[in-house]
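Report on the structure
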Amino acid sequence: MSRQTIGSYLKLILQLGKARISLPVALSALTGFALHTGTIGLEGVYLGVGVFLISCSSGTINHWQEHRIDALMPRTQNRPIPSGKISPLFATWVALLYFISGAVILTIHFPPAALIASTVTLLSYNGFYTPLKKYTAFAVVPGSLVGALPPYIGWLATGGDLFSPVIFWVAVFFFIGQIPHFWLLLLMFGKEYKLVGYPSLTDIFTDNQIKRLSYTWILSTIAAALIIAFKIMISKIIIVILLAYIFYVLISTSLQLLIKNNLQVRSTFFKINFLYLLMMIAIIIDSILLR
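Given the structure is predicted, the values throughout are model-derived calculations rather than measurements. (Residues numbered from 1 in each chain as written. Predicted model: local features only at pLDDT ≥ 70, side-chain atom pairs only at ≥ 80, totals over all residues. Heavy atoms only, no water.)

This part is about the overall build of the chain. Helix and strand content of the chain: 13 helices and zero strands. Shown N-terminal to C-terminal, the secondary structure of the chain runs as helices and strands in the order α-α-α-α-α-α-α-α-α-α-α-α-α. Computed over its C-alpha atoms, the radius of gyration of the chain comes to 19 Å, within 12% of the 19 Å expected for a compact globule of 291 residues. Along the longest, intermediate and shortest principal axes, the C-alpha atoms of the chain span 55 × 50 × 35 Å. The proportion of buried residues among the 291 residues of the chain is 49%. In the chain, the proportion of contacts linking residues at least 24 apart, taken out of those at least 6 apart, comes to 74%. Here the chain has roughly 14000 Å² of accessible surface; of this, 70% comes from carbon and sulfur atoms. Separation between the mean location of the 20 positive side-chain charges and that of the 8 negative ones in the chain comes to 8 Å. (Helix = DSSP H or I, 4+ residues; strand = E, 2+ residues; numbered from the N terminus. Rg over C-alpha atoms; globule rule 2.2 N^0.38 Å. Buried < 20%, exposed > 50% of the residue type's maximum accessible area, 1.4 Å probe, protein only. Contact = heavy atoms within 4.5 Å. Areas by Shrake-Rupley, 256 points an atom, 1.4 Å probe, with all protein chains shown as cover. Lys, Arg positive; Asp, Glu negative; His and termini not counted. Charge placed at Lys NZ, Arg CZ, Asp CG, Glu CD.)

Structure (structure tokens):
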């Protein structure tokens, strides 16, 4: 087998694992890890790799679960399984290998809580949220709990208290933030969901109403971010940088919706996603430098 062929297969396997989504999931787990330990170190690397692999397993399972539906939507029809590049059976083995590899790493280096929390996250996404999408347009609300779980993986892996308000507020931020993320995504690709008969908010609300609902959740996300900035973080420089971006998101989205009456969906989507990334980086740096 040539290097080019091997490279192509590796690329497909990473696509199956939704690596671009699994990396932020691993970073989210590292956020909880750093928040509790005040460091990253080699243990943090093990945690990140283990969580990344289990998240890739979840992504691969999702590809397998939805490959027939993916084949009907222009946005997803070129994914590895519907395009015929990888068979559903092969994807099943990839998912199993991803999970076993991640589970071995977490089991060797951390207490059982790390693997349990990772497995609960996988089951919540693949066993709860994914099937629920077929029945209700509001699946994203309970499904957003999946976004709140990864910080707990890193927190619990180092003996953190499950009921600590510190990790609770971090989880709340990621829970709330998932909702405008998915609804803005819906505004960009909602017509494709109709092609496969999925219930959609666009069947219940107009685009403008969904934009206003999304804006309400964006405000809630900003409120949670402010609580973290003032209650959890220590570095004044990091807090100022974070606050500057938070108020930029607040002012720019408010002007678009309330003054121009037209929220720019794609740019707002990227602003919110960057806020998640900035929050994770800020918490990690603040935890390492000042705890």
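A separate point is the pattern of salt bridges. Tallied over the full model, the rule gives two salt bridges. The closest approach of N and O atoms between Glu66 and Lys133, which form a salt bridge, is 2.9 Å. With a gap of 67 residues between them, Glu66 in the loop between helix 3 (41-65) and helix 4 (67-70) and Lys133 in the loop between helix 6 (112-132) and helix 7 (140-143) connect regions that are remote in the sequence. Summarising the burial analysis for this pair, Glu66 and Lys133 share the class buried. A salt bridge links Asp70 to Arg79; its shortest N-O distance comes to 3.3 Å. The exposure class of Asp70 is buried, given its relative accessible area of 2%. (Salt bridge = Lys/Arg side-chain N within 4 Å of Asp/Glu carboxyl O.)

Here we come to the packing of helix 5 (residues 88-109) against helix 6. As a packed pair, helix 5 and helix 6 sit with axes 9 Å apart at the nearest point and diverge in direction by 150 degrees. When the axis of helix 5 is compared with that of helix 6, the two are roughly antiparallel. Touching Phe99, Ala103, Leu106 and Thr107 of helix 5 are Ala114, Leu115, Ser118, Thr119 and Leu122, all from helix 6. Taken together, the residues of the contact of helix 5 with helix 6 sort by class into six nonpolar, three polar and no charged. (Axes fitted to C-alpha atoms, helices over the stretch in contact; angles between N-to-C directions. Parallel < 35°, antiparallel > 145°, perpendicular 65-115°, else oblique. Nonpolar A, V, L, I, M, F, W, Y, C, P; charged D, E, K, R; others polar.)

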